[in-house]
Amino acid sequence: QVQLVESGGGLVQPGGSLGLSCAASASNFSIRAMGWYRQAPGKQRVLVATITLDGTTDYADSVKGRFTISRDNGKNIAYLQMTSLKPEDTAVYYCSAEGVRGLNFWYVRHYWGRGTQVTVSP
């Protein structure tokens, strides 16, 4: 009902920049909030950034000032622009989306993409 496809991952040197995109396709659901999470090797998946329909954003402290999340509501695409990348940013980055349906959007479900690898290394 909601499918998310990430793109833009790859290998980048420390201090470099990389942009990620997430294309959401939805049937029976409407997309509300979207976001990015990441999971480093041997670590738990954690929040990177989220964005609501009206553009309100939230960032993990570790990426504030370096990463920027944005979205195109008409196309249901979320973006994550990453700058000043550090080796500790290396992780699989997952796109997320909040799908809502039903009268007054009473039914809510959180969806995930398959992830895209971001590696920051010399």
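Scope of this entry: the structure provided in the associated data block. Note that the structure is predicted; figures quoted are calculated from it, not measured. (Residues numbered from 1 in each chain as written. Predicted model: local features only at pLDDT ≥ 70, side-chain atom pairs only at ≥ 80, totals over all residues. Heavy atoms only, no water.)

**So, the overall build of the protein chain**
Worth spelling out the cut-off: For the purposes of this entry, the term helix denotes a DSSP run of H or I that reaches at least four residues, the term strand denotes a run of E that reaches at least two, and both are numbered from the N terminus. With C-alpha atoms as the basis for the radius of gyration, the globule rule is written as 2.2 Å multiplied by the number of residues raised to the power 0.38. When a residue's accessible area, from a 1.4 Å probe over protein chains only, is under 20% of the maximum for its type it is buried; when over 50% it is exposed; and in between it is partly exposed. Computed by Shrake-Rupley with a 1.4 Å probe, the accessible areas treat only the displayed protein chains as cover when residues are assessed. In this count, Lys and Arg are taken as positive residues and Asp and Glu as negative ones, while His and the chain termini are left out. Charged groups are reduced to one reference atom each: NZ for lysine, CZ for arginine, CG for aspartic acid, CD for glutamic acid.
The secondary structure content of the protein chain amounts to zero helices and eleven strands. Across the protein chain, helices and strands are ordered from the amino to the carboxyl terminus as β-β-β-β-β-β-β-β-β-β-β. A compact globule built from 122 residues should have a C-alpha radius of gyration of about 14 Å, and the protein chain, at 14 Å, falls within 12% of that. In terms of its C-alpha atoms, the protein chain occupies a principal-axis envelope of roughly 50 × 25 × 25 Å. Burial analysis of the protein chain (122 residues in total) assigns 38% to the buried set. When the accessible surface of the protein chain is summed, it comes to about 6,700 Å², and 49% of that surface belongs to carbon and sulfur atoms. Counting 12 positive and 8 negative side-chain charges, the protein chain places the averaged centre of each group 6 Å from the other.

**Observations concerning the packing of aromatic side chains**
Worth spelling out the cut-off: Paired rings are identified among Phe, Tyr and Trp, the last through its six-membered ring, by centres lying within 6.5 Å, and are further divided according to the angle between planes into stacked (under 30 degrees), edge-to-face (over 60) and tilted (the rest). Our definition puts a charge over a ring when NZ of Lys or CZ of Arg is within 6 Å of the ring centre and also within 35 degrees of the ring normal.
Tallied over the entire structure, the rule returns four aromatic pairs. Through a chain of ring-to-ring contacts, three or more aromatic side chains come together here, namely Phe-29, Trp-106, Tyr-107 and Tyr-111. For the cation-ring pair, Arg-45 lies above Tyr-94, with the distance from its terminal atom to the ring centre recorded as 3.6 Å. Stacked on the ring of Trp-112, the Lys or Arg Arg-45 has its end atom at 4.6 Å from the ring centre.

**Observations concerning the environment of Ala-60**
Counting through the fold element by element, Ala-60 comes out in the loop between β6 (57-59) and β7 (67-72). Sequence spacing of Ala-60 and Val-100 is 40 residues, and the spatial spacing of their C-alpha atoms is 25 Å.

**So, the pairing of β7**
Within a regular beta strand, the side chains point alternately toward one face of the sheet and then the other, so they alternate between its two faces. The following threshold applies: When DSSP finds at least two bridges between two strands, those strands are taken to pair.
The side-chain alternation of β7 yields one buried face, formed by Phe-67, Ile-69 and Arg-71, and one unburied face, formed by Thr-68, Ser-70 and Asp-72. Looking at chain direction, β7 and strand β8 (residues 77-82) are connected through six bridges and run antiparallel. What sits directly across from Thr-68, in β8, is Gln-81. The hairpin turn running from β7 into β8, its antiparallel successor, is four residues long, and Asn-76 in that turn takes a positive phi close to 55°.

**Some thoughts on a nonpolar patch on the surface**
Put simply, the test is: Every patch collects residues that have over 30% relative accessible area and no salt bridge, joining them within 9 Å if they carry like charges and within 5 Å if they are nonpolar side chains (Val, Leu, Ile, Met, Phe, Trp, Tyr). Salt bridges are defined by distance alone: a side-chain nitrogen of Lys or Arg within 4 Å of a carboxyl oxygen of Asp or Glu.
Together, Leu-103, Trp-106 and Tyr-107 make up a nonpolar patch on the protein surface, roughly 410 Å² of accessible area in all. Since its relative accessible area comes to 63%, Trp-106 is described here as exposed.

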